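# Reading the structure
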Amino acid sequence: MKRSPKTQGAAYKRLTRRALVLGGVQFAFVGGLAARMRYMQVDQADQYRLLAEENRVNIRLIPPTRGRIYDRNGQIIGQNSPSYRIVIVREDAGDVDKVIAKLSKLIPLNEDEIERAKTEMKRTAPFLPVTLADQVTWEDISKVAINTPALPGVTPEVGLTRQYPRYEDFAHVVGYVGPVSDYDLSRMEDPEPVLMIPRFQIGKVGLEAKKESLLRGKAGAKRVEVNATGRVMRELDRREGQPGADLQLSIDADLQEYAQARLAGESAAAVVIDCETGDLSAISSTPSFDPNLFVRGISVADYQALTQDDHRPLANKTVQGTYPPGSTFKMITAMAALEAGVIGPANTVYCPGFLKVGSRRFHCWKRGGHGTVDLETSLKRSCDVYYYDVALRVGIDRISDMARKFGLGVKHDLPMSAVAAGLAPNQEWKQVTHGQDWLVGDTANASIGQGYMLASPLQLAVMAARIATGRSVTPRLIRSIDGVEQPSGAGEPLDINLNNLEQVRRAMFKVSNDRRGTAYRSRIIADEFRMAGKTGTSQVRNITKAERAAGVIRNADLPWNRRDHALFVSFAPYDNPKYAVAVVVEHGGGGSKAAAPVARDVMLQALYKGTPPLEAYPVADRERIKDQQIRLEGDRRPKARPDEKDRA
């Protein structure tokens, strides 16, 4: 049936309206979409471009080069040396165990290192390299490089590692570095991102730890393009970091080496301080250890050998060890009495071998006594009774104040680990610490450096330097930082009567140069280098009345750890002091026998800037000294280390 024209026209009109409405809606939608696209692509282009860049570009840190450490003459002490290592990438290796098994047939692998590497692989992303073997030889690197096609994911690399070419000589001073541990991070409030780099090394002890922020430097950064899984595709740009500062120490490496060799076999310490500048020219503690063992992680066997040694090689006896100073403290008691006007140089005390205080006897080291002695004789012959008597009149508080003035009982500011403050006790200290009153017997003991009195070898060297110069000489370890000279430790004049100080100096000269002086056998013959000194022997055990009545047991007849400590302090030349030296030999017996000869030899080595002529020694000693010089020279020759064999 055909539609009429009228009906057909009406339908056409309705279709046209619908089309217009629909078209309008479509046009509005497309227009809105276009506007939105324009807004996102044009108006918000920068924001979305940044988001896209962040998705495909990563910023990665570049570890800084650690600063080097030199001695005062430019000899290297701590450096960064090329180190060859083998790394593995887990996702490239596939079957890690199978690849490691193949690798172990080519080069020797440490089982502990393999287990550590597997543990590290589980904690890190599969595309990050993990070290399998470190500090390998060039020969092993070559083997791996040749067989790379058969070792998927394994790559030989070269990097930098810390090395200490002077080995044991500076272990207690410089310390060592090691990988950052969880414990290290827990002690930091806001760890720097560079510390999160796998196996990044920081200073653990010694100068390396105390000057970590200076030596570490500032990390660099590089922008790398990564794919969706995080794999690096290419490097876009790089900003190099700032290397760590180079430090120059005040120590003379050759003198340090000599002091270490001279003390070999002893549990001992020696400190040499420049009287003019306060520079520490040598600061030696024996026995020592090889710090290179700690850089990549010391073995259990090596560590147990160090910790089980009764001579305590890990302890820095120069600053950490504190000892009763014994008779080396007598100069302090004398100065306190002179400054207080209690005694004069000519005043005498009678020594019958003991001084009775109340119901107790305080004995002199010489059983029969020294008779009538004055200040000079009391120091020269080291009479104990003289100082008992003087101390009871001057009082402990004045003695304690004088001790601090000369550097005892004071923690010196040095960038070394575990620097001890020692102890110069007084009445208030005992009341606060022990809740007890100070006793007159405590004063008698303190007057000869026993009882509560404690001092480190460093403090004793400072004391000797201040006596020698009359200035508040302060020890300095770092001479310059990146070539910038550090403040001198020469110090200001001490607030004391120089005439009184001269009396003490003159008596110390007699100790070493008078035939009846306790250090006469260890004197220096060369007129231009005459030495002043003081011996000391500090007890580590109580002597009972029964033993004293029967005769005190000789040190040689006692077990090593029950023998007295031997001490000696000195300065030279007497007329124009250049160096002060302090030596402590643990359980060495008498200071005149064990410590004074060492101090004399080290002093001469410092004064002559090398091996001194035999004419500087007493005639009776020259043949022995000649043999000793030959032996020590042989001991000081560089030795190849087993772990350095075949290293490129």
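What counts and how
Residues numbered from 1 in each chain as written. Predicted model: local features only at pLDDT ≥ 70, side-chain atom pairs only at ≥ 80, totals over all residues. Heavy atoms only, no water. Buried < 20%, exposed > 50% of the residue type's maximum accessible area, 1.4 Å probe, protein only. Helix = DSSP H or I, 4+ residues; strand = E, 2+ residues; numbered from the N terminus. Pairing = 2+ DSSP bridges. Salt bridge = Lys/Arg side-chain N within 4 Å of Asp/Glu carboxyl O. pLDDT = per-residue confidence, 0-100. Contact = heavy atoms within 4.5 Å. Phe/Tyr/Trp six-rings, centres within 6.5 Å; stacked < 30°, edge-to-face > 60°. Axes fitted to C-alpha atoms, helices over the stretch in contact; angles between N-to-C directions. Parallel < 35°, antiparallel > 145°, perpendicular 65-115°, else oblique. Left-handed = near helix turned anticlockwise from the far one by under 90°. Nonpolar A, V, L, I, M, F, W, Y, C, P; charged D, E, K, R; others polar. Expected span 1.5 Å × (residues − 1).

## Here's the deal with the pairing of strand S4 (residues 129-136)
By the criterion of burial, S4 is predominantly enclosed, with six of the eight residues buried. Sheet topology note: the strand S3 (residues 76-89)/S4 ladder contains six bridges and is antiparallel. Each bridged residue has a counterpart across the sheet, and for Val87 the counterpart in S4 is Thr131.

## Observations concerning the pattern of salt bridges
For the structure on display, the rule yields 30 salt bridges. Here Arg72 and Asp279 are joined by a salt bridge, their closest N and O atoms 3.3 Å apart. Taken together, the residues Arg72 in the loop between strand S2 (69-70) and S3 and Asp279 in the loop between strand S11 (268-274) and strand S12 (280-286) connect sequence positions 207 residues apart. Salt-bridge contacts for Asp279 lead to Arg476; the nearest nitrogen and oxygen are separated by 2.6 Å. One end of the pair, Asp279, is in the loop between S11 and S12; the other, Arg476, is in the loop between helix H20 (457-469) and strand S17 (478-481), and 197 residues separate them in sequence. The two residues Asp279 and Arg476 agree in class, both being buried. Look at the salt bridges and you will find they share partners, linking Arg66, Arg162, Glu192, Glu208, Glu212 and Arg216 into a network.

## Here we look at helix H16 (residues 384-394)
With eight of its eleven residues buried, H16 lies for the most part within the structure. Here H16 has its buried residues at Asp384, Val385, Tyr386, Tyr387, Tyr388, Val390, Ala391 and Val394. Phi for Gly395, located one or two positions after H16, is positive at around 90°.

## Considering the confidence of the model for the protein
Mean pLDDT over the protein stands at 87; residues scoring 70 or higher make up 89%. Counting contacts from residues 642-648, a segment whose pLDDT is below 50, to residues more than four positions away or on other chains yields nine contacts.

## What about the packing of aromatic side chains?
Scanning the entire structure with this criterion turns up eleven aromatic pairs. Taking the centre distance of 5.5 Å and the plane angle of 55° together, the rings of Tyr84 and Trp138 count as tilted. Separated by 54 residues along the polypeptide, Tyr84 in strand S3 and Trp138 in helix H6 (residues 138-146) bring together distant segments of the chain. Residue classification places Trp138 among the partly exposed residues on the basis of a relative accessible area of 47%. With 5.6 Å between their ring centres and 70° between their planes, Phe289 and Phe294 make a pair best called edge-to-face.

## Things to note about the packing of helix H14 (residues 330-340) against H16
In the contact formed by H14 and H16, the axes pass within 10 Å of each other and the chain directions differ by 45°. With respect to each other, H14 and H16 are oriented oblique. Once H14 is placed against H16, the crossing between them reads as left-handed. Two secondary-structure elements touch here, H14 through Lys330, Thr333, Ala334, Ala336, Ala337 and Ala340 and H16 through Asp384, Tyr387, Val390, Ala391 and Val394. The residue makeup of the contact of H14 with H16, split by class, is eight nonpolar, one polar and two charged.

## Some remarks on the sheet that holds S11
Strands pair in a sheet through their backbones, by hydrogen bonds, and they do so in one of two ways: parallel or antiparallel. Taken together, five strands build an open sheet; the order of strands is S12-S11-S21-S20-S19 and the sheet is antiparallel. In this open sheet, the two edge strands, each paired with only one partner strand, are S12 and strand S19 (532-538). Strand-to-strand twist of the sheet, defined as the mean angle between neighbouring strand axes without regard to direction, takes the value 5°. Both strand S20 (residues 565-572) and strand S21 (residues 579-585) contribute to a ladder of seven bridges, which runs antiparallel. Each bridged residue has a counterpart across the sheet, and for Phe571 the counterpart in S21 is Ala580. Sitting on the sheet, helix H23 (residues 591-607) touches S11, S19, S20 and S21, and the angle it makes with S20 is about 30°.

## Points about helix H24 (residues 622-635)
In a regular helix each residue adds 1.5 Å, so 14 residues correspond to 20 Å; H24 covers 20 Å between its end C-alpha atoms and thus fits that length. At its buried positions, H24 is contacted by helix H11 (253-262) and H23.

## Here we look at unusual backbone geometry
Put simply, Thr286 and Pro287 share a cis peptide bond, and its omega is -5°. Tracing the sequence through the fold places Pro287 in the loop between S12 and helix H12 (292-295). A cis amide bond links Ala572 with the next residue in sequence, Pro573, at an omega value of -15°. Within the secondary structure, Pro573 sits in the loop between S20 and S21. The backbone of Ser382 shows a phi angle near 55°, a positive value even though the residue is not glycine. Checked against the element boundaries, Ser382 lands in the loop between helix H15 (375-380) and H16. In this structure, Ala418 is a non-glycine residue whose phi angle is positive, near 55°. Relative to the helices and strands, Ala418 is located in the loop between helix H17 (396-405) and helix H18 (427-434).

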